[in-house]
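These are the residues of each chain, in order.
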Amino acid sequence: GIQVEQSPPDLILQEGANSTLRCNFSDSVNNLQWFHQNPWGQLINLFYIPSGTKQNGRLSATTVATERYSLLYISSSQTTDSGVYFCAAKAAGNKLTFGGGTRVLVKP
Amino acid sequence: DTGVSQNPRHKITKRGQNVTFRCDPISEHNRLYWYRQTLGQGPEFLTYFQNEAQLEKSRLLSDRFSAERPKGSFSTLEIQRTEQGDSAMYLCASSLALEAFFGQGTRLTVV
């Protein structure tokens, strides 16, 4: 099945800093999603982005499907951005495969 | 639309007991998924339903695990003879097309 790798595994930021999270996947995808897992465990949808670029406030994402990677940009980070960010991809078949996540800590 | 709902939110059980979790998907979503997440890891796929048909099961889903979606709406996940290794967050998701939406999860602790 498809393999999904995220980097870096951990990221410590000072409030106000910008950052880039990366997601590499091993096969062509028909679904690529970014999630933020809140402290209570719920996965919050950030982007559905199998290709192209999207922006939502201080967050934006770009997927280059032909090169099999996606990037999540956090600008002007805030302490509320802390948590775990997951990338998940689906190739042929039914299941989303998750990466290992990037744990982000934004310090005030 | 209230999103994907899971109950209970937390469950503590003794080893060897059976437990059942419920998932109510977003209405009209015909696809439903169960995932399991252990501490420090990403969610892992367990099983997939399209309407009432269970179309895919992971090898992670041992014979102690069973999932149903009898009327193509809500789903249940039962674990029989629980083991300490079953302690995890169990997540349910639903979708109409490709984008999946997750519930709050059920955190299971086996003591």
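Residues numbered from 1 in each chain as written. Chains lettered and ligands numbered in written order. Predicted model: local features only at pLDDT ≥ 70, side-chain atom pairs only at ≥ 80, totals over all residues. Heavy atoms only, no water.

### With respect to the sheet that holds strand S8 (residues 69-74) of chain A
All names here are of chain A.
- Judged by pairing direction, the sheet is antiparallel, and its five strands sit side by side in the order S1-S3-S8-S7-S6 without closing on themselves. The open sheet is flanked by strand S1 (4-7) and strand S6 (52-56), the only strands paired with a single partner. Each adjacent strand pair in this sheet contributes to an overall mean axis angle of 15°, direction not counted.
- As judged from the five bridges shared by S6 and strand S7 (residues 59-64), these two strands associate in the antiparallel manner. Note that in S7 the partner of Asn56 across the bridge is Leu59. (Pairing = 2+ DSSP bridges. Helix = DSSP H or I, 4+ residues; strand = E, 2+ residues; numbered from the N terminus. Axes fitted to C-alpha atoms, helices over the stretch in contact; angles between N-to-C directions.)

### Some details on the layout of surface pockets
- Roughly 650 Å³ of internal volume is contained in the largest pocket.
- For the lining of the largest pocket, the secondary-structure elements that each account for two or more residues are S1 and strand S10 (97-98) of chain A together with strand S5 (44-50) and strand S6 (53-57) of chain B.
- Of the residues in the lining of the largest pocket, the class split is ten nonpolar, ten polar and seven charged.
- Volume-wise, the second largest pocket comes out at about 320 Å³. (1 Å grid on protein atoms, 1.4 Å probe; cavity = no way out; pocket = protein on both sides within 12 Å on 5 of 7 lines; lining within 4 Å. Points joined across faces, edges and corners; volume = space filled by probe spheres on them. Nonpolar A, V, L, I, M, F, W, Y, C, P; charged D, E, K, R; others polar.)

### Remarks on the interface of chain B and chain A
- Contact with chain B, which involves 21 residues of that partner, is made by 20 residues of chain A.
- Carbon and sulfur atoms make up 52% of the surface buried where chain B meets chain A, a total of about 1700 Å² over both sides.
- At the boundary of chain B and chain A, one finds eight residue pairs in polar contact (both at pLDDT 80 or more).
- For the side of chain B that touches chain A, the elements supplying multiple residues, two or more each, are strand S4 (31-37), S5, strand S9 (88-95) and strand S10 (101-102) of chain B.
- Residues belonging to the side of chain B that touches chain A are distributed by class as follows: eleven nonpolar, six polar and four charged. (Contact = heavy atoms within 4.5 Å. Buried area = accessible area lost by both parts, 1.4 Å probe. Polar contact = N/O pair within 3.5 Å; in protein donor to acceptor, adjacent residues only side chain to side chain.)

### So, the sheet that holds strand S8 (residues 75-79) of chain B
All names here are of chain B.
- Strand order across the open sheet formed by four strands is S1-S3-S8-S7, with antiparallel pairing between neighbours. With partners counted over all chains shown, the strands left at the sheet margins are strand S1 (5-7) and strand S7 (65-68), one partner each. If you compare each strand with its neighbour and ignore which way they point, the axes differ by 15° on average.

In short, geometric facts, not functional conclusions.
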